[in-house]
Amino acid sequence: MLNKNGQSKKYKAYALRSFRKIPQVEKYLSEEEKTNIEVLGQVLPFKTNNYVVDELIDWNNYKDDPIFHLTFPQKGMLPPEEFDKMAEALKSGKKRMELKAIANEIREKLNPHPAHQMQMNVPELNGEVLPGVQHKYRETALFFPTAGQTCHSYCTFCFRWPQFVGMDGMKFAMKETDIIIDYLAEHPEITDILFTGGDPMIMGYKIFKQYIDPFIKNKDKTNLQTIRIGTKSLSFWPYKYTTDKDADKFIELFKEITEAGFSLAFMAHFNHPVELSTPTVKEAAKRIQSTGAVIRTQSPLVRHINDCPDIWAEMWKKQVNLGMIPYYMFIERDTGAKAHFELPLVETWHIFRKAYQQVSGLSRTVRGPSMSATPGKVQILGVTKIPVNGKMEKVFALQMLQGRNPDWVAKPFFAKYDPEAYWLDDLKPIAGEKFFFDEELEKMKNEALATEDALA
Ligand SMILES: *Cc1c(COP(=O)(O)O)cnc(C)c1O
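Computed from a predicted structure; not experimentally measured.

Our focus in this paragraph is the overall build of the protein chain. Within the protein chain one finds 17 helices and 15 strands. For the protein chain, whose C-alpha radius of gyration is 22 Å, the value lies close to the compact-globule estimate of 23 Å for 456 residues. For the protein chain, the spread of C-alpha atoms along the principal axes amounts to about 65 × 55 × 50 Å. Put simply, the protein chain has 456 residues, and 56% of those count as buried.

Written out as structure tokens, the structure is:
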């Protein structure tokens, strides 16, 4: 079946064992580059597909191409000594188990579980933990359906990388919706359920529908207003909504959701304007919007991919042009190949500001730059000067957009200026030892650890 623009594609994924067969890889990459990918792919996840390769990457310029960098592992992603260790192991023909042991040793050094999410956000129902649910912010629960724990292609900077290399297995996954409905019934403060993953839109129609139906059927039991779907599929596989076998059925199901009285929000992940440029992504967006769903957009700011104000301004303008609503600009999380992708907070703020200044108010629905840190989503308002102990000092002004305690939200606070700060942990209060939320946060951490012990 062809879409309006005469295009159709059958999904084909490429990973470590098959990427050498990609015609563009054969044609353009040197043997050394291919070997590098094999080295990195032992440690970090790698998967791409024929849409990304054929329609998003400019192969004539692949070394500087943002989407090549987004989906193909890059040498700088591992510290040189770790890279060399793995390269040596591969070259000397070590067995699979040995390679795996080396890989795991390297992975452990890459802070695989930041923001204490394994212990701190796991909700309970009747004394049992709900492993596929995270409930950190009062109004919104995250739901990790078991069948949605992979993606159409992996992002090199992905903060959920441990689950894609089998470190976490399916720890954050859940088959059942019944238990979640019970949990929602007990927690009327929850208005939003956010399907996430992986990518929930990797699911086939039948399974996806099985996850959605109970929420529709039990609408009266819960206080749920919004179903959100966190997805990169518009960027990595828009054919899902145009010419794939079940495309029309998905569109029908989205209609059912909105007709049942939910608002349906696509939290679409776009990192670069190129991802908004193909005829298929435009048609996919239109079809989704025709169901009453709203597409909101989010992305981290990442070096080598989108670390330039013009890219962001263009991306937001394109999104608004396509009827999408810019939502969050994130700061790259402190995990995985972070060192390769991160920028100092001050630089991130400059890029945000210079981009924000170039767009009309319709794009300024975007909020950021924001760090999803342990206490909450911390926004960098900017760098300014204030009197500290009678002397003018440069400081960061910050606020929380979301907080583990809702009362922490929208309270401006300060940190010492530090041009080398990359994450909240690098920041120090301007006076005293602690930020206003630190003591309470410490208490919450201890409680979470105690509960974990009790349940273990
Ligand atoms: C970002 C986030 C949400 C959603 O927050 P909104 O500000 O409502 O979009 C929910 N849970 C977690 C853990 C998050 O990081």
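That shown, we press on.
Before going further, it helps to spend a moment on unusual backbone geometry. Following Gly-197, the chain continues to Gly-198 via a peptide bond in cis, the omega torsion being 20 degrees. Looking at the element boundaries, Gly-198 is found in the loop between β7 (192-195) and α10 (205-217). The omega torsion across Gly-368 and Pro-369 is -10 degrees, close enough to zero to call that bond cis. Its place among the elements puts Pro-369 in strand β12 (residues 367-372). In this model, Asn-111 sits at a positive phi of 45 degrees, which is unusual for a non-glycine residue. Structurally, Asn-111 is set in the loop between α6 (96-108) and α7 (117-120). Residues other than glycine seldom take positive phi values, yet Asn-389 does so here, at roughly 50 degrees. For Asn-389, the position within the fold is in the loop between β13 (376-388) and β14 (391-403).

To continue, consider the pairing of β14. Successive side chains on a regular strand alternate, one facing one side of the sheet and the next facing the other. Alignment of β13 against β14, held across 12 bridges, turns out to be antiparallel. Across the sheet, Gly-382 pairs through a bridge with Ala-397, a residue of β14. Counting the residues in the hairpin turn of β13 and β14 gives two residues, including Asn-389, whose phi is positive at 50 degrees. With four bridges connecting them, β14 and strand β15 (residues 413-416) associate as antiparallel partners. The residue of β15 that forms the bridge with Val-395 is Lys-416.

This part is about the nonpolar core. One finds Phe-72, Phe-215 and Phe-254 to be the most contacted residues of the largest nonpolar core, which totals 103 residues. Sort the elements by how many residues they give to this core and α10 lands first, with six residues. Contacts of Phe-254, omitting those with residues within four sequence positions, involve Met-201, Phe-208, Ile-229, Tyr-241, Leu-264, Phe-266, Ile-288 and Thr-291.

According to the domain assignment, the protein chain contains domain 1 (13-108) and domain 2 (373-456). Computed over C-alpha atoms only, the centres of domain 1 and domain 2 are separated by 37 Å.

On to helix α5 (residues 80-91), then. Taking 1.5 Å of rise per residue, 12 residues should cover 16 Å, and α5 covers 16 Å from first to last C-alpha, within 8% of that figure. Along α5, the positions that sit buried rather than exposed are Glu-82, Phe-83, Met-86 and Ala-89. Taken down its axis, α5 places every buried residue within 130 degrees of arc, on the same side. Turned more than 90 degrees off the buried face of α5, the exposed positions are Pro-80, Glu-81 and Lys-91.

Another aspect to go through is the site of the ligand. Around the ligand, the surrounding shell consists of Lys-136, Tyr-137, Thr-140, Leu-142, Arg-228, Tyr-327, Tyr-328, Lys-377 and Gln-402. In the model, an oxygen atom of the ligand is placed 2.7 Å from a nitrogen or oxygen of the Arg-228 side chain. Within the side chain of Tyr-328, an N or O atom sits 2.5 Å from an oxygen atom of the ligand. In isolation the ligand exposes 380 Å². Once the protein is present, 88% of that is buried. Of all the secondary structure elements, the ones that give two or more residues to the shell around the ligand are β5 (133-137), β6 (140-143) and β11 (325-331). Taken together, the residues of the shell around the ligand break down into four nonpolar, two polar and three charged.

Turning to a negative patch on the surface, a few remarks are in order. On the surface, Glu-176, Asp-178, Asp-182 and Glu-186 cluster together into a patch of negative charge. Tracing the backbone through its elements, the reader meets Glu-176 in the loop between α8 (161-164) and α9 (178-186). Owing to a relative accessible area of 39%, Glu-176 belongs among the partly exposed residues under this scheme.

Opposite charge on two side chains lets them pair, provided their charged atoms get close. Scanning the entire structure with this criterion turns up 21 salt bridges. Arg-138 serves as the salt-bridge partner of Glu-139, at 3.1 Å between the closest nitrogen and oxygen. Between Glu-439 and Lys-434 there is a salt bridge; the shortest N-O distance is 3.9 Å. Look at the salt bridges and you will find they share partners, linking Glu-82, Lys-85, Glu-105 and Lys-109 into a network.

The rules behind the values
- Residues numbered from 1 in each chain as written.
- Predicted model: local features only at pLDDT ≥ 70, side-chain atom pairs only at ≥ 80, totals over all residues.
- Heavy atoms only, no water.
- Helix = DSSP H or I, 4+ residues; strand = E, 2+ residues; numbered from the N terminus.
- Rg over C-alpha atoms; globule rule 2.2 N^0.38 Å.
- Buried < 20%, exposed > 50% of the residue type's maximum accessible area, 1.4 Å probe, protein only.
- Pairing = 2+ DSSP bridges.
- Core = buried A, V, L, I, M, F, W, Y, C linked by side-chain atoms within 4.5 Å.
- Contact = heavy atoms within 4.5 Å.
- Domains from an automatic or database assignment.
- Expected span 1.5 Å × (residues − 1).
- Arc of directions from axis to C-beta.
- Near = heavy atom within 4 Å.
- Polar contact = N/O pair within 3.5 Å; in protein donor to acceptor, adjacent residues only side chain to side chain.
- Areas by Shrake-Rupley, 256 points an atom, 1.4 Å probe, with all protein chains shown as cover.
- Nonpolar A, V, L, I, M, F, W, Y, C, P; charged D, E, K, R; others polar.
- Patch = residues over 30% accessible without salt bridge, like charges linked within 9 Å, V, L, I, M, F, W, Y side chains within 5 Å.
- Salt bridge = Lys/Arg side-chain N within 4 Å of Asp/Glu carboxyl O.
- Lys, Arg positive; Asp, Glu negative; His and termini not counted.
- Charge placed at Lys NZ, Arg CZ, Asp CG, Glu CD.

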